[in-house]
Amino acid sequence: MTSQQGTTSAVQNARTRRIAIFGAGISGLASAWRLRERAPEIELEIWEKNERVGGVIGTRIVDGFQCELSVDNFITTVPEGVELCKALGLQDELMSTNNRFRRTFVVRNRRLYPLPDGFMTMAPTKLYPMLTTPLLSPFGKLRCGLELLLPRRRSEEEESLAAFAKRRLGKEAFDRIIEPLVGGIYGGDASKLSLQATLPRFAEMERKDRSLIWAMAKSQRSARRVKREEESGARYSFFITLRSGMNVLPERLADAVGRERIQTSRAVDKVERDGDQWLVRDAQGRGERFDAILFATDTDAASDALRASAPEVANLYGQTDRTGVAIVHLAYRNSQIGRPVQGMGFVVPTSEGNGVIAGSFSSYKYPTRAPEGTTLLRIFVGGSRAPEMVELAESELVSRVEAETRALLDISGGPLIVDVARFPHAMPQYYVGRLAWRRELQEALERYRTLALAGSSLDGVGLPACVKSGYDAADRLIAALRTE
Ligand SMILES: Cc1cc2nc3c(=O)[nH]c(=O)nc-3n(C[C@H](O)[C@H](O)[C@H](O)COP(=O)(O)OP(=O)(O)OC[C@H]3O[C@@H](n4cnc5c(N)ncnc54)[C@H](O)[C@@H]3O)c2cc1C
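Residues numbered from 1 in each chain as written. Predicted model: local features only at pLDDT ≥ 70, side-chain atom pairs only at ≥ 80, totals over all residues.

Novice: Whenever I open this one, helix 17 (residues 463–482) confuses me. Can you help?
Specialist: The end-to-end C-alpha distance of helix 17, which contains 20 residues, comes to 29 Å, matching closely the 28 Å that a straight helix rising 1.5 Å per residue would cover. Counting buried positions along helix 17 yields 14 of 20 residues, so the element is predominantly enclosed. (Helix = DSSP H or I, 4+ residues; strand = E, 2+ residues; numbered from the N terminus. Expected span 1.5 Å × (residues − 1). Buried ≥ 20, exposed ≤ 12 C-beta atoms within 10 Å, placed from the backbone.)

Below, the structure is given as structure tokens:
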């Protein structure tokens with residue numbers, strides 16, 4: 001290296017590096033937070049297409065009822081969500097679910113029946129509730145019990161959730177219990193969703209312990225032992241929320257990152273390579289140069305923008321399947337509900353439903369969400385089961401949802417409030433073939449060290465997984481810029 005080259009590179013290294021983040025949903029804001037925490041020397045700009053931050057997250061207060069538009073609560077077992085809230089000083093906002101109403105119900109023949117106590121997504125953990133549940137026939141119960149004796153699968157190939165559940169626990173348990181539970185969580189089609197990408201711990205249980213029932217019982221025993229050993233037990237329930245509304249999280253994050261760094265109503269349109277830098281154009285055609293870029297938008301927006309400059313990444317990322325859901329909030333006086341149930345919510349099997357996937361008794365879970373003497377219901381509609389529902393005219397959508405809930409809960413009279421939020425194409429679906437796709441995407445990304453992706457299409461759809469994906473994307477760019 002000549003001395004002149006050495007001087008130039010020293011000057012370049014001294015130059016302030018610039019990163020652009022596209023999308024100010026939870027993933028983009030979490031990556032911005034990480035960049036501010038770990039690399040404050042890097043200059044940061046965030047472009048957000050909408051007028052507000054938060055992406056799908058939002059809270060609307062309607063006549064005293066707190067309606068959570070998308071994220072209702074989030075799991076505490078992936079720690080990034082709860083830890084971020086604490087780091088932002090939101091500990092006093094964290095609220096566990098009301099322990100009095102822990103049950104989930106399943107619709108069968110247009111009535112609500114409790115999910116057998118101890119049934120965890122894919123497998124039972126307790127014998128007696130399974131033997132006595134009216135949800136399964138005697139044959140269905142026997143077939144479920146046979147799971148204890150079945151050999152493990154030999155193939156390592158990806159398998160659909162439906163194929164796995166039917167193989168292990170039988171078609172009846174799948175149709176009547178597992179399919180509605182999975183639909184309620186992912187809004188997806190269990191015959192296409194990949195077990196290994198969506199619920200990998202069940203594949204792992206079969207691989208290690210052969211029987212799911214056996215493995216679940218074992219893990220329950222050790223969980224009880226750990227709980228006994230911890231003097232005070234777990235501090236938070238499995239799900240938690242923020243008392244004043246989930247929108248507090250992105251708003252607080254935006255404050256912490258610095259509002260002056262966030263440009264709302266600015267959408268990324270095209271990205272080109274310009275030497276070591278990226279030349280980024282917004283939808284108005286204005287261009288800016290950055291040393292690294294991070295896409296935390298939906299996959300279509302990222303794929304369109306990257307088409308010319310990172311075609312392999314654009315092609316793969318654009319292949320993500322997504323489905324849409326709508327959330328309808330309805331509130332009633334308690335006296336209007338003829339058949340109240342003591343539970344968190346209910347799920348609806350495909351064979352029973354007319355587009356409603358699941359419902360949650362929002363004000364039972366979190367009593368602060370509705371005025372005294374009233375009940376707030378939150379109903380999920382659409383998904384891959386009935387995507388057309390998301391596009392229905394509001395009056396048609398509401399009347400179908402009202403009819404379904406009226407019949408289930410024996411409701412008389414009209415609702416006190418109605419609130420509708422629609423999310424077309426907002427839920428990525430991890431279909432079979434996903435693991436190979438993820439590896440290929442990672443390999444394609446390796447060719448572009450200063451490009452990173454974050455969001456629910458990568459390694460988990462839940463809020464804490466999105467926070468983690470934001471952190472991972474930020475770390476990747478910090479490492480790339482520091483080793484340049
Ligand atoms: C109805 C619903 C209910 C859910 N419920 C829960 C729940 O209870 N618990 C849970 O843990 N998770 C839940 N999830 C999942 C979770 O909410 C999402 O996975 C997560 O919020 C996604 O965050 P994100 O930042 O990746 O994407 P988004 O929130 O979609 O943010 C992407 C951002 O990119 C912006 N953007 C798009 N194009 C451009 C562009 N060209 N230029 C700049 N910006 C652009 C968008 O405007 C948006 O703000 C739910 C999701 C939905 C849809």
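Novice: Please clarify how the confidence of the model for the protein chain should be interpreted in this entry.
Specialist: Residues shown with low pLDDT carry predicted positions that ought not to be read at fine detail. In this model, the protein chain carries a mean pLDDT of 92, and residues with pLDDT of at least 70 account for 94%. Long-range and interchain partners of residues 1–12, a stretch whose pLDDT sits below 50, account for 1 contact in this model, where long-range means more than four residues apart. (pLDDT = per-residue confidence, 0-100. Contact = placed C-beta atoms within 7 Å.)

Novice: Teacher, can you tell me more about the nonpolar core here?
Specialist: Grouped burial of nonpolar side chains is what soluble globular proteins tend to show. Grouped together as the largest cluster of nonpolar side chains are 138 residues, with contacts concentrated most on Leu 29, Ile 293, Leu 294 and Val 381. No other element matches helix 17, which puts 9 residues into this core. Excluding residues within four positions of it along the chain, Val 381 makes contact with Val 325, Ala 326, Val 328, Gly 355, Val 356, Ile 357, Met 389, Leu 397 and Val 401. (Core = buried A, V, L, I, M, F, W, Y, C linked by C-beta atoms within 7 Å.)

Novice: Help me understand helix 12 (residues 299–306) in this model?
Specialist: Along an α-helix, residues three or four apart share an orientation, since each turn contains 3.6 residues. Within the sequence span of helix 12, burial applies to Thr 299, Ala 302, Ser 303, Ala 305 and Leu 306. Around the axis of helix 12, the buried residues are gathered within 165 degrees of arc, so they sit on the same side. Here the buried face of helix 12 lies against strand 11 (268–274), strand 14 (292–295), helix 13 (311–317) and strand 20 (451–453). (Arc of directions from axis to C-beta.)

Novice: Can you help me understand the site of the ligand in this one?
Specialist: The ligand sits among 36 residues. The nearest are Gly 23, Gly 25, Gly 55, Gly 455 and Ser 456. Looking at the shell around the ligand, the elements with two or more residues in it are helix 2 (26–38), strand 15 (321–333), strand 19 (417–429) and helix 17. Residues of the shell around the ligand, tallied by class, amount to 20 nonpolar, 12 polar and 4 charged. (Near = placed C-beta within 6 Å. Nonpolar A, V, L, I, M, F, W, Y, C, P; charged D, E, K, R; others polar.)

Novice: How do you make sense of the sheet that holds strand 9 (residues 239–242) when you look at a structure like this?
Specialist: Hydrogen bonds between backbone groups are what pair the strands of a sheet, and the pairing can be parallel or antiparallel. The antiparallel open sheet is built from 3 strands, whose spatial order is 5-9-6. Both edges of this open sheet fall to strand 5 (74–75) and strand 6 (94–96), since each of them pairs with a single strand only. (Pairing = 2+ DSSP bridges.)

Novice: Is there a simple way to explain unusual backbone geometry in this structure?
Specialist: Where the residue is not glycine, phi is negative for most of them; where a peptide bond is considered, it is trans in most cases. A positive phi angle is found at Arg 110, which is not glycine, with a value near 65 degrees. Relative to the helices and strands, Arg 110 resides in the loop between strand 7 (104–108) and strand 8 (111–114). Take Arg 110: there are 10 C-beta atoms within 10 Å of it, and that puts it in the exposed class. Look at Ser 265: it is not a glycine, yet its phi comes out positive at around 55 degrees. As for its placement among the helices and strands, Ser 265 is situated in the loop between strand 10 (262–263) and strand 11. A residue is classified by how many C-beta atoms lie within 10 Å of it, and Ser 265, with 12 of them, is exposed.

Novice: I keep staring at the sheet that holds strand 17 (residues 356–361) and nothing clicks. Help me out?
Specialist: Ordered by their spatial adjacency, 7 strands build an open sheet running 8-7-16-17-18-15-19, and the pairing between neighbours is mixed. On the outer flanks of this sheet lie strand 8 and strand 19, each paired with one strand and no other. Recorded for the sheet is a direction-independent mean angle of 25 degrees between the axes of neighbouring strands. Both strand 15 and strand 18 (residues 374–382) contribute to a ladder of 9 bridges, which runs antiparallel. Opposite Val 328, over in strand 18, you have Ile 379 as the bridge partner. (Axes fitted to C-alpha atoms, helices over the stretch in contact; angles between N-to-C directions.)

Novice: Where do I start with the packing of helix 3 (residues 80–87) against helix 17 in this structure?
Specialist: The contact between helix 3 and helix 17 brings their axes to 7 Å, and the two run at 75 degrees. Taken together, helix 3 and helix 17 sit at an angle that is classed as roughly perpendicular. Residues Glu 80, Gly 81 and Leu 84 of helix 3 pack against Leu 463, Pro 464, Val 467, Lys 468 and Tyr 471 of helix 17. Here the residues of the contact of helix 3 with helix 17 are counted per class, giving 5 nonpolar, 1 polar and 2 charged. (Parallel < 35°, antiparallel > 145°, perpendicular 65-115°, else oblique.)

Novice: Would you mind showing me how to read the pairing of strand 2 (residues 43–47) here?
Specialist: The side chains of a regular strand alternate, first on one face of the sheet and then on the other. Note: strand 1 (residues 18–22) against strand 2, 5 bridges, orientation parallel. From the neighbouring strand, Ile 21 faces strand 2, where its bridge partner is Ile 46. Handedness of the β-α-β unit built from strand 1, helix 2 and strand 2 comes out right-handed. Across 2 bridges, the pairing between strand 2 and strand 10 is parallel. Looking across to strand 10, one finds that Ile 46 is bridged to Ile 262. (Right-handed = clockwise from strand over helix to strand, strands pointing away.)

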